[in-house]
Amino acid sequence: MLTGRHLIAGQWVASETEFFSAPATGAGFAFSVGTPSHVKAAVTAAEVAFAAYAATDRATRAAFLNCIADEIEARGAEITAIGSAETGLPAARLEGERGRTTGQLRLFARHILQGDYLDRRFDAALPDRKPLPRPDIRLIMRPIGPVAVFGASNFPLAFSVAGGDTASALAAGCPVVVKGHSAHPGTGEIVAQAVLAAIVACNMPAGVFSLVQGGRRDVGEALVQHPLIRAVGFTGSLAGGRALFDLCAARPDPIPFFGELGSVNPMFLLPAALANRGAQIAAGWAGSLTMGAGQFCTNPGIAVVIDGPEANAFADAARGALAPIGAQTMLTDGIAAAYRFGRDRISASKGVRDLLSTACDRRSATPHLFEVSGDDWLNNHDLAEEVFGPLGLIVRARDADQLHTIANALQGQLTCTLHLDEADYPQARSLLAVLERKAGRVLANGFPTGVEVCEAMVHGGPYPASTNFGATSVGTLSIRRWLRPVSYQNIPAELLPDDLR
């Protein structure tokens, strides 16, 4: 049963005003509108909870994470039903995303039990060292305090209320205040109910988790500017993320803003691979490009090829693979409108040729395919900006030198992909040296949609792909965002954190 309320420190709190959800199917539901006062209450409760929660041992926090996962699974059918209605995503996609969400929680439970994330270091005292003695110095990573998390529009589970940011922050020992996304408030509330059930079952401090629904821009601003918030996790648009990033930097005490802002995720098709497997790569690209209506931050929106007969064949194959794909429901009317705007922006750009035009309106999306010369792409920065949806752009480089020039001209990306055969290795070696500076993840002979949740994954990259090139929002390394190193010098053992004794 939905309450339509905020969850603040264990209590379901109503607002004076309400908003209605806009589901893809079925009737909307009334939800309370968040306000800065709700943010203040949630953050204050998080700070009250911090000391006790940060002091819990790793086994206790691991049990809490596993309990949240269990409670989410117990509500699986309810989550799938309301998630499908709100977002238009098919049941199978939501069930898979739910498994990813609970898998992340359990992954972090295992990770903190291992203890490696603490990065413990110990320099024993050398009292007889000349010319000066050395003190006893010990280092450990410690939780930073309350964390703000913004739910994502395109992942109602894995990047939202109890997604990777929340899971990693709770694993680190940090209370979390979530700003729910208005695209799927019902899904968010049911997940929050699961978190609350785990809080009660595990006897955790009530303020360790809160969810504030809806609200205008002032709610997000109040959250990132609250003096007790120590870091922010965000997945969303470049414009929205940059505005919040600037607010974090402008605080009297600036705090880190870990924003994942998307990218065009370019693919580079090298000559031998293009000649030998061009049609196969085109079919795979079409599938990746249109997966989930193209609403993935790792959607490979650009394919770079060297001009010639093989490039012609690749373009024909891509057009043929995309043409039969029908309309898909997008997450919101606003996202669908933004997709049409992006399509028109690309289409009107100098030198762009239309290879596949389709009709889409209201909340649906159909694939579009364009091509442009390397010269025109290099002269128009707009062509390197993300279009969130199933739109592909083929960039035809004059030769291998211009292909490298295009790689060098890229802004920061979440991913870059090389399609190559063995004969392409010499060229790939020099190109890889460029691409590893441009992206957080570099792939060979694959497609970037589908981000594996594992120890070695990096989901981030140089700006504007993310606001912190040294961080990731997926994988166990993401826990480091919510920790800071502390050295203890000559502190009596009885006073040290348990994990450092």
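That block above? That's the structure.
As the structure is a prediction and not an experimental result, all values here were calculated from the model. Every chain begins its residue count from 1, and numbering advances along the sequence as written. Reporting in this predicted model follows two pLDDT cut-offs: at least 70 for local features of residues, and 80 or more for side-chain atom pairs to be given and counted; totals over whole chains, interfaces and linings ignore these cut-offs and use all residues. The basis for the side-chain values is all heavy atoms of the structure; hydrogens and waters are excluded.

Peer 1: Please clarify how the overall build of the protein chain should be interpreted in this entry.
Peer 2: Across its full length, the protein chain carries 14 helices and 21 strands. Radius of gyration: C-alpha atoms only; globule rule: 2.2 Å multiplied by the number of residues to the exponent 0.38. In terms of C-alpha radius of gyration, the protein chain reaches 24 Å, essentially the compact-globule figure of 23 Å for 501 residues. Here the C-alpha coordinates of the protein chain stretch approximately 75 × 70 × 40 Å along the principal axes. Only protein chains enter the calculation, and the probe is 1.4 Å; a residue is then buried if its accessible area is under 20% of its type maximum, exposed if over 50%, and partly exposed in between. Taking all 501 residues of the protein chain together, 57% fall into the buried category. A total of about 19,900 Å² of accessible surface is found on the protein chain, and carbon and sulfur atoms cover 55% of it. His is not counted here, nor are the chain ends, while Lys and Arg score as positive and Asp and Glu score as negative. For the purpose of locating charges, the reference atoms are NZ of Lys, CZ of Arg, CG of Asp and CD of Glu. Each charge class in the protein chain can be summarised by its mean position, and for the 42 positive and 47 negative side chains these summaries are 4 Å apart. The numbering of helices and of strands both runs from the N terminus, where a helix is a DSSP run of H or I of at least 4 residues and a strand a run of E of at least 2. Each accessible area is a Shrake-Rupley result for a 1.4 Å probe, and residues are judged covered by the shown protein chains and nothing else.

Peer 1: How do you make sense of the pairing of strand E8 (residues 176-179) when you look at a structure like this?
Peer 2: The alternating pattern of E8 places Val176 and Val178 on one face and Val177 and Lys179 on the opposite face, and all of these are buried. Note that the unit made of strand E7 (residues 147-150), helix H5 (residues 164-172) and E8 has a crossover that is right-handed. Being paired, for any two strands, means DSSP has found at least two bridges between them. Here E8 runs beside strand E9 (residues 209-212); their pairing, made up of four bridges, is parallel. Following the sheet pairing, Val176 is matched in E9 by Phe209. A right-handed crossover is one whose linking path, passing over the helix from the first strand to the second, runs clockwise when the strands point away from the viewer. Read as a crossover between parallel neighbours, the route from E8 over helix H6 (residues 185-201) to E9 is right-handed.

Peer 1: Explanation requested: empty space enclosed by the protein in the structure shown.
Peer 2: A probe matching the size of a water molecule, rolled over the atoms, marks out where space remains unfilled. We place a 1 Å grid over just the protein atoms. Points where a 1.4 Å probe fits but has no way out form a cavity, open points with protein on both sides within 12 Å along at least 5 of 7 lines form a pocket, and any residue with an atom within 4 Å of a point lines it. Grid points are joined across faces, edges and corners, and a volume is the space filled by probe spheres set on the points. What the rule picks out here adds up to two cavities of 30 Å³ or more. The calculated volume of the largest cavity comes to roughly 140 Å³. What lines the largest cavity is a set of 16 residues, among which Val264, Gly301, Glu386, Val387 and Leu391 lie closest to the centre. Of the pockets and cavities examined, the second largest cavity occupies roughly 80 Å³. Phe258, Gly259, Glu260, Ser473 and Arg481 are the residues nearest the centre of the second largest cavity, which is lined by 14 residues in total. Going through the elements one at a time, strand E10 (231-235) and strand E11 (257-260) are the ones with two or more residues in the lining of the second largest cavity.

Peer 1: Explain the environment of Ala172 here, please?
Peer 2: Here Ala172 lies in helix H5. Under the relative-accessibility criterion, Ala172 is labelled buried at 2%. Sequence spacing of Ala172 and Gly145 is 27 residues, and the spatial spacing of their C-alpha atoms is 9.6 Å. Whether two residues touch is decided by their heavy atoms; if any such pair falls within 4.5 Å, the residues are in contact. Excluding its chain neighbours within four sequence positions, the residues that come into contact with Ala172 are Arg61, Pro143, Ile479, Trp482 and Leu483.

Peer 1: I tried to follow the layout of surface pockets on my own but got confused; where do I start?
Peer 2: If you add up the space inside the second largest pocket, you get close to 220 Å³. A total of four residues in the lining of the second largest pocket trace back to one element, the largest contributor, which is strand E6 (residues 137-143). For this scheme, ten residues count as nonpolar: Ala, Val, Leu, Ile, Met, Phe, Trp, Tyr, Cys and Pro. Four count as charged, namely Asp, Glu, Lys and Arg, and the remainder, Gly too, count as polar. Class assignment of the residues belonging to the lining of the second largest pocket gives a composition of 10 nonpolar, one polar and six charged.

Peer 1: What am I meant to see in the nonpolar core here?
Peer 2: The tendency in soluble globular proteins is for nonpolar side chains to be buried as a group. Throughout, nonpolar core names a set of buried Ala, Val, Leu, Ile, Met, Phe, Trp, Tyr and Cys residues whose side chains join them through atoms within 4.5 Å. Within the largest apolar cluster, 93 residues are counted, with the highest numbers of intra-cluster contacts made by Phe64, Phe209, Phe268, Trp377 and Trp482. By residue number, the principal contributor to this core is H6, which donates eight residues. Beyond its immediate chain neighbours, meaning those up to four positions away, Phe268 contacts Val304, Leu403, Ile406, Ala407, Leu410, Thr417, Leu418, His419, Leu431 and Leu435. Counting 21 residues, the second largest nonpolar core, distinct from the first, contains Ala46, Val219, Leu244 and Cys248.

Peer 1: I tried to follow the side chain of Gln213 on my own but got confused; where do I start?
Peer 2: Tracing the sequence through the fold places Gln213 in the loop between E9 and helix H7 (217-225). A distance of 3.0 Å separates a polar atom in the side chain of Gln213 from the backbone oxygen of Pro185. Residue contacts for Gln213: discarding those within four places in its chain leaves Arg5, His6, Phe19, Phe31, Ser32, Val33, Gly34, Gly180, Pro185 and Glu189. As used in this structure description, the phrase polar contact means that two N or O atoms lie within 3.5 Å; if the pair is within protein, one of them must be able to donate a hydrogen and the other to accept it, and residues adjacent in sequence are counted only when both atoms belong to side chains.

Peer 1: Mind showing me how you'd approach the packing of aromatic side chains here?
Peer 2: When we look at a pair of aromatic rings, we describe it by the centre distance and by the angle of the planes. Centre distance within 6.5 Å is the pairing criterion for rings of Phe, Tyr and Trp, where only the six-membered ring of Trp is used; planes under 30 degrees apart are then read as stacked, over 60 as edge-to-face, and the remainder as tilted. Under the definition given, this model contains 10 aromatic pairs. Measuring from centroid to centroid gives 5.6 Å for Phe258 and Trp482, while their planes differ by 85°, and the two rings are edge-to-face. Taken together, the residues span a long stretch of sequence, with Phe258 in strand E11 and Trp482 in the loop between strand E20 (439-444) and strand E21 (483-489) at a distance of 224 residues. Summarising the burial analysis for this pair, Phe258 and Trp482 share the class buried. Through a chain of ring-to-ring contacts, three or more aromatic side chains come together here, namely Phe150, Phe234, Phe245 and Phe257. Criterion for a charge above a ring: Lys NZ or Arg CZ within 6 Å of the ring centre, and within 35 degrees of the ring normal. Sitting over the ring of Phe155, Arg93 keeps its end group 4.8 Å from the ring centre. A cation sits over an aromatic face here: Arg138 above Phe122, 4.1 Å from the ring centre.

Peer 1: What exactly am I supposed to notice about the packing of helix H2 (residues 58-74) against H5 here?
Peer 2: When two helices pack together, you describe them by how their axes are tilted relative to each other and by the distance separating the axes. One can describe the packing of H2 onto H5 by two numbers: an axis separation of 9 Å at closest approach and a directional angle of 155°. What the angle tells us is that H2 and H5 run roughly antiparallel. As for how H2 packs across H5, the hand of that crossing is right-handed. Packed against H2, whose contacting residues are Arg61, Phe64, Leu65 and Ile68, the element H5 presents Ala167, Leu170, Ala171 and Ala172 at the interface. When its residues are assigned to classes, the contact of H2 with H5 shows seven nonpolar, no polar and one charged. Between N-to-C directions, angles cover 0 to 180 degrees, with each direction set by a line fitted to C-alpha atoms, over the stretch in contact for helices. These descriptions rest on fixed angle ranges, namely under 35 degrees for roughly parallel, over 145 for roughly antiparallel, 65 to 115 for roughly perpendicular, and the rest for oblique. Throughout, a crossing is termed right-handed when the near helix is turned clockwise from the far one, and left-handed when it is turned anticlockwise from it by less than a right angle.

Peer 1: Mind showing me how you'd approach the sheet that holds E6 here?
Peer 2: The pairing of strands in a sheet happens through backbone hydrogen bonds and is either parallel or antiparallel. Reading across from one edge, E5-E6-E21 is the order of the three strands in this open sheet, with antiparallel pairing throughout. One side of each edge strand has no neighbouring strand; the edge strands of this open sheet are strand E5 (121-123) and E21. Taking each pair of neighbouring strands and ignoring which way they run, the sheet shows an average axis angle of 25°. Across three bridges, E5 lies against E6 in antiparallel orientation. Residue pairing in the sheet places Arg121 in a bridge with Leu139 of E6.

Peer 1: Explain the pattern of salt bridges to me, please; I cannot follow it from the model alone.
Peer 2: A side chain of one charge can pair with a side chain of the opposite charge if their charged atoms are brought near each other. Note on definitions: salt bridges are taken to be side-chain nitrogens of Lys or Arg within 4 Å of carboxyl oxygens of Asp or Glu. One pass over the full model with this rule turns up 20 salt bridges. A salt bridge links Arg58 to Asp499, with the nearest nitrogen and oxygen atoms 3.0 Å apart. With a gap of 441 residues between them, Arg58 in helix H2 and Asp499 in the segment after E21 connect regions that are remote in the sequence. The exposure class assigned to Arg58 is buried, which follows from its relative accessible area of 16%.

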